[in-house]
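Fold and contact review
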Amino acid sequence: VSAALVWTAIALYAAAGLVVVALARRRLATGAEDFYLAGRHVGGLVSAASYAATTYSAFMMLGLAGLTYRGGVGALGFELIYFAGLGLLLLFGPRIWLVGRRFGFITPSEMLGARYGSPLLAGLVAVLSCAFLVPYSSVQLLGIGYLLSGTTDGGISVETGIVLGAGLAAVWTIGAGLRSVAWTDALQAIVILVTAVAALLFIVDALGGWGTFLARIEAERGPWLAQPGPGFFSFWTFVGLTLPWFFFAISNPQVSQRLFTTEDMAAMRTMIVGTLSFGLLFTVISILWGFSALLVVPDLANPDLATPSLLAGGNVPAVIAVPLVIGILAAAITTVDSIALTLASMVGRDVYPRAEPGSGERRELLVGKVVILLVIAAAAFFASLRLDLISLLSVASSAALLVIVPTIVGAFFWRRGTAAGALASILAGTGVVLALQLSGLRIAALPNPVVSFAVAIAVFVGISLVTRPPADRGAGFIDGIRDDLRQMRVD
Amino acid sequence: MEETMRLPLWAAGLIVLVALGYAVPYLLLSETEAWSGAFLFWIVFGGVVWGILVARVAFWNVHAAPPRRAPGPEGRRP
């Protein structure tokens, strides 16, 4: 694919995005709640498209397709176990929404700090999220770099791709906060779904239609259709990959923060149904796309290059390939901008005021905007260095955020949970994650996330039981919303 | 964890389903090198998960949500 053509498409996409950002800006009011949560007034359809776009990142058509190429059908199981984890939204969505309205929370870390009566806990969760989500964003930007460079045969350099992605993410975020992020997300969700379906239909047709495609996979790649298949997805590898992702909806602040933002419960319901529908469809498309790569570009040394290779070699006409490249580029950007916005809100509200007490909301918001730029700049810088440490931290990120899950579950379901228990659990769990990751040690062949999660649960329960719970024993989070939940017929 | 919560039926069903999502492909379908094996199983799995969750939220009484309170001087924090 020629670089000029890709640049033209990028320009068109950027122009459309800028129009969306400009429209979003016209609605922007003052204050942190408006900037970070769009005034808690996001409608159902935008919420659905935005949630889906944030959670289903560029990983789908790049990483998941690559995982299918490498390990076969296990990739489908992995993604659908995550999908089943979206069921957590039915328990936590209404609860987080209710306490958010009642107490005016803007960040998930602020919510946890208030629940356990510990600003220190809020700060710890905020810092930890930065430490692991900045590397995760780096990998997204690096993905853009590889994608653009791969599909144009080097016509666009990896570094140019990183800078381009970072620049657009910064504009999408600074423009109008969550409003511009959510609206550009919605644009992206439509682009990626339409282009991915078109690309898949084209490639299957080029392979001789569905009958031939399915028959050839069975004949030529039979092991890829069974578990553990060609070998990648051993049972414990599968467990280690799926466990952190099952809890993604509550462990990752850039998605759990969205639960504060819907305008009402009808919008939250639309968000959940829309995300589930988009997710199931997009999962199947990405998996079949990965299988098609096995037939069209077999024997790649690096399975992560399955999609760029498929798009580069003239296998797909430019009219299909270029929009898909834009869709994937947009998907990576929407993940980076959501993370930058969430981290900015957490640092602005939960870390900075501790360093500078009495700093007020205007100052807080200004700090947040500086943090947005710093987060994106740091992500781009780390991506351009291509350090091993970055991919290591990125891999560890899902396991590290998993250690916050006992604290989150306890906030709504266990009166006896304490701040000391939460702090100790998160610190011990993170310590185990890093120690295992850095040393390469394995405990009894168990995957690392299983070990660190078990440690986090045990420490949370153990330390909570020997320390004093907050005076109100979490009343505002448990008893205080029970009647509302019952009337809403929520479990 | 305390008397506050019994596991709802849909959640129990989801947990059983997820357990099957691990067990069936590894125990029963590890030799089936065909689309009718683990692929079909997981597609049905995804469809059933979708059905359970959508059916449950359809039962929500979304109009019973409390009206938004103006953030007053008291009660900003629990």
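Here the structure is a predicted model, which means the values were calculated and not measured.

Calculation notes
- Residues numbered from 1 in each chain as written.
- Chains lettered and ligands numbered in written order.
- Predicted model: local features only at pLDDT ≥ 70, side-chain atom pairs only at ≥ 80, totals over all residues.
- Heavy atoms only, no water.
- Helix = DSSP H or I, 4+ residues; strand = E, 2+ residues; numbered from the N terminus.
- Expected span 1.5 Å × (residues − 1).
- Buried < 20%, exposed > 50% of the residue type's maximum accessible area, 1.4 Å probe, protein only.
- Contact = heavy atoms within 4.5 Å.
- Core = buried A, V, L, I, M, F, W, Y, C linked by side-chain atoms within 4.5 Å.
- Buried area = accessible area lost by both parts, 1.4 Å probe.
- Salt bridge = Lys/Arg side-chain N within 4 Å of Asp/Glu carboxyl O.
- Polar contact = N/O pair within 3.5 Å; in protein donor to acceptor, adjacent residues only side chain to side chain.

All names here are of chain A. The end-to-end C-alpha distance of helix 5 (residues 74–85) is 17 Å, a good match for the 16 Å that 12 residues give at a rise of 1.5 Å each. In terms of burial, helix 5 is largely enclosed, as 12 of its 12 residues are buried. Along helix 5, the residues classified as buried are Gly74, Ala75, Leu76, Gly77, Phe78, Glu79, Leu80, Ile81, Tyr82, Phe83, Ala84 and Gly85.

Residues and elements named next belong to chain A. Burial within helix 4 (residues 60–71) is extensive, with 11 of its 12 residues counted as buried. Among the residues of helix 4, Met60, Met61, Leu62, Gly63, Leu64, Ala65, Gly66, Leu67, Thr68, Tyr69 and Gly71 are the ones counted as buried. On the buried face of helix 4, the contacting elements are helix 5, helix 8 (119–151), helix 10 (178–206), helix 15 (265–296), helix 16 (306–312) and helix 17 (318–355). Looking one or two residues past helix 4, glycine 72 carries a phi angle of roughly 80°, positive in sign.

This part covers the side chain of glutamate 364 of chain A. Mapped onto the secondary structure, glutamate 364 of chain A falls in helix 18 (residues 360–385). Glutamate 364 of chain A has contacts with Ala32, Tyr36, Gly348, Arg349 and Pro353 of chain A, leaving out every residue within four places of it along the chain.

A general feature of soluble globular proteins is that nonpolar side chains tend to end up buried together. Residue and element names in this part refer to chain A. Counting residues in hydrophobic clusters, the biggest one holds 204 residues, and the most contacted among them are Phe92, Trp289 and Phe291. The element best represented in this core is helix 17, accounting for 21 residues. Residues contacting tryptophan 289, with those up to four places away along its chain left out, are Met61, Ala65, Ala199, Leu200, Ile203, Thr307, Leu310, Leu311, Val316 and Leu324.

Moving on, we get to the interface of chain A and chain B. Tallying the contact residues gives 72 residues for chain A and 46 residues for chain B. Taken together, the two surfaces of chain A and chain B that pack against each other cover about 5300 Å², and 68% of this comes from carbon and sulfur. Three residues, Leu90, Arg269 and Arg489 of chain A, lead the burial of chain A against chain B; their summed loss comes to 12% of the area buried on that side. The partner of aspartate 491 of chain A in a salt bridge is arginine 56 of chain B, with the nearest N and O atoms 2.7 Å apart. Run the count over chain A and chain B and you get 15 residue pairs in polar contact (both at pLDDT 80 or more). If you list the elements that add at least two residues to the side of chain A that touches chain B, you get helix 5, helix 6 (88–103), helix 7 (108–116), helix 11 (209–220), helix 12 (235–246), helix 15, helix 20 (405–413) and helix 23 (482–487) of chain A. Top contributing element to the side of chain A that touches chain B by residue count: helix 15 of chain A, with 13 residues.

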